[in-house]
Amino acid sequence: DTGVSQNPRHKITKRGQNVTFRCDPISEHNRLYWYRQTLGQGPEFLTYFQNEAQLEKSRLLSDRFSAERPKGSFSTLEIQRTEQGDSAMYLCASTLGTVLFGSGTRLTVV
Amino acid sequence: AQKITQTQPGMFVQEKEAVTLDCTYDTSDQSYGLFWYKQPSSGEMIFLIYQGSYDEQNATEGRYSLNFQKARKSANLVISASQLGDSAMYFCAMREYGGGGNKLTFGTGTQLKVEL
């Protein structure tokens, strides 16, 4: 394992469907972050875990969004009842010091 | 106020020339870190270089160097000997170790185009 892994790389879904993304951080990294990036913008913070504890959530993370990191290893981000405005790149990052990112999941809601 | 400001939406540079990408930041924390990332069109965020607020020397990593001017709150990225593969979006980001929750805050990015 040489980096942060995200699956799937691309997801196209119909409006109203639920989607789930997975992030596998670098194994010794205890902190994990989710970010969202829309076209032409920098990534925006969504939420942050230290081990299995979710320590911070952005106000961007509406009730339709939920994130888990059940055993302090991989994390999932679920979006319920997707809307077209959810179309974005969802980036996961992990850190012990330097923050390293995965390749992202590009979500398109049609 | 914006925490990270990148005032150059786009920059052009000729191959083999040096280029400076600007970044200013705003924080009241004494302890913070500044990061630069490269994002090619494929979308992944590639870590380039890091500068801690207490580091006295400017960070360097190969062709990348960070011109850190603490009093001015600027952390400009210098890329020397530009290559065609350097064409990408570049983001400056800050991590506040005090009350900032350890998350990264990003600027809006600079699109760099390296020309022959």
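Residues numbered from 1 in each chain as written. Chains lettered and ligands numbered in written order. Predicted model: local features only at pLDDT ≥ 70, side-chain atom pairs only at ≥ 80, totals over all residues. Heavy atoms only, no water.

**Thoughts on the overall build of chain B**
The number of helices and strands found in chain B is zero helices and twelve strands. Going from N to C terminus, chain B has its helices and strands arranged as β-β-β-β-β-β-β-β-β-β-β-β. Over its C-alpha atoms chain B spans a radius of gyration of 14 Å, differing by no more than 12% from the 13 Å that the globule rule assigns to 116 residues. Projecting the C-alpha coordinates of chain B onto the three principal axes gives extents of approximately 45 × 30 × 20 Å. Buried positions account for 48% of the 116 residues belonging to chain B. Within chain B, counting contacts between residues at least 6 apart in sequence, those at least 24 apart form 56% of the total. Surface accessibility of chain B: about 5500 Å² in total, with carbon and sulfur atoms responsible for 47%. Of the charged side chains in chain B, 10 are positive and 12 negative, and the gap between their average positions amounts to 3 Å. (Helix = DSSP H or I, 4+ residues; strand = E, 2+ residues; numbered from the N terminus. Rg over C-alpha atoms; globule rule 2.2 N^0.38 Å. Buried < 20%, exposed > 50% of the residue type's maximum accessible area, 1.4 Å probe, protein only. Contact = heavy atoms within 4.5 Å. Areas by Shrake-Rupley, 256 points an atom, 1.4 Å probe, with all protein chains shown as cover. Lys, Arg positive; Asp, Glu negative; His and termini not counted. Charge placed at Lys NZ, Arg CZ, Asp CG, Glu CD.)

**Quick notes on the nonpolar core**
Among the nonpolar cores identified, the biggest contains 24 residues, and Tyr25, Trp36, Ile49, Leu77 and Tyr90 of chain B are the most heavily contacted of them. Going through the elements one at a time, strand E3 (19-21), strand E5 (32-39), strand E6 (46-52), strand E8 (64-69), strand E9 (74-79), strand E10 (88-96) and strand E12 (110-115) of chain B are the ones with two or more residues in this core. Core analysis: the second largest hydrophobic core is formed by 19 residues, Phe65, Ala67, Ala88 and Tyr90 of chain A among them. (Core = buried A, V, L, I, M, F, W, Y, C linked by side-chain atoms within 4.5 Å.)

**Some details on the state of the cysteines**
Residue and element names in this part refer to chain B. One pass over the structure, following the stated rule, counts two disulfides over all chains. A sulfur-sulfur distance of 2.0 Å marks the disulfide that ties Cys23 to Cys92. Sign of the S-S torsion, about -65° for the bond between Cys23 and Cys92, identifies this disulfide as left-handed. Of the two residues, Cys23 is situated in the loop between E3 and strand E4 (24-25) and Cys92 in strand E10; the sequence distance between them amounts to 69 residues. (Disulfide = S-S within 2.5 Å.)

**What about the interface of chain A and chain B?**
Taken together, the contact between chain A and chain B spans 23 residues of the former and 19 residues of the latter. Of all residues in chain A, Pro43, Val99 and Phe101 of chain A bury the most surface against chain B, accounting for 26% of the area lost on that side. Remark: the boundary between chain A and chain B carries one salt bridge. Glu56 of chain A is the salt-bridge partner of Lys103 of chain B, the closest N and O atoms lying 2.8 Å from each other. Of all the secondary-structure elements, those providing two or more residues to the side of chain A that touches chain B are strand E4 (31-37), strand E5 (44-50), strand E9 (88-95) and strand E10 (99-101) of chain A. Broken down by element, the residue count for the side of chain A that touches chain B peaks at four residues, all from E4 of chain A. When the residues that make up the side of chain A that touches chain B are grouped by side-chain class, the tally is ten nonpolar, nine polar and four charged. (Buried area = accessible area lost by both parts, 1.4 Å probe. Salt bridge = Lys/Arg side-chain N within 4 Å of Asp/Glu carboxyl O. Nonpolar A, V, L, I, M, F, W, Y, C, P; charged D, E, K, R; others polar.)

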